[in-house]
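# Geometric and topological summary
Given next are the chains, with one letter for each unit.
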Amino acid sequence: MVTREEILILGLTAGVVGSLVGGLMLGVGLGLAIGGQHLGWLLVLPAAPVAGMLGYVLARRLARKLTPR
């Protein structure tokens, strides 16, 4: 059974990891794009979906702990 503590930790972990990864992709990508490297847009455009996907993966891992009814 998943406890309330594990759900809170999941939310904190997903928020922190998603912000770090998405922000890093956004920052590096915009830096490259402003510097004239068009390759930077390949980092900027998927930054938000990648950040959200990390939270989804963490939630799926926690959901596997649930006992089937």
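In this text the structure is predicted, and so the values were computed from the model without any measurement. (Residues numbered from 1 in each chain as written. Predicted model: local features only at pLDDT ≥ 70, side-chain atom pairs only at ≥ 80, totals over all residues. Heavy atoms only, no water.)

Let's shift gears to the layout of surface pockets. Think of a ball as big as a water molecule: rolled over the atoms, this probe shows where empty space is left. The volume enclosed by the largest pocket comes to roughly 170 Å³. Looking at the lining of the largest pocket, the elements that each hand over two or more residues are α1 (4-34) and α3 (47-63). Here the lining of the largest pocket gets four residues from one element, more than from any other, and that element is α1. Taken together, the residues that form the lining of the largest pocket break down as four nonpolar, one polar and three charged. (1 Å grid on protein atoms, 1.4 Å probe; cavity = no way out; pocket = protein on both sides within 12 Å on 5 of 7 lines; lining within 4 Å. Points joined across faces, edges and corners; volume = space filled by probe spheres on them. Helix = DSSP H or I, 4+ residues; strand = E, 2+ residues; numbered from the N terminus. Nonpolar A, V, L, I, M, F, W, Y, C, P; charged D, E, K, R; others polar.)

Time to look at the environment of methionine 53. Considering the arrangement of structural elements, one finds methionine 53 in helix α3. Methionine 53 sits in the partly exposed class, given a relative accessible area of 47%. Residues methionine 53 and alanine 14, 39 residues apart in the sequence, show an inter-C-alpha distance of 9.3 Å. (Buried < 20%, exposed > 50% of the residue type's maximum accessible area, 1.4 Å probe, protein only.)

This is a description of form; function is not addressed.
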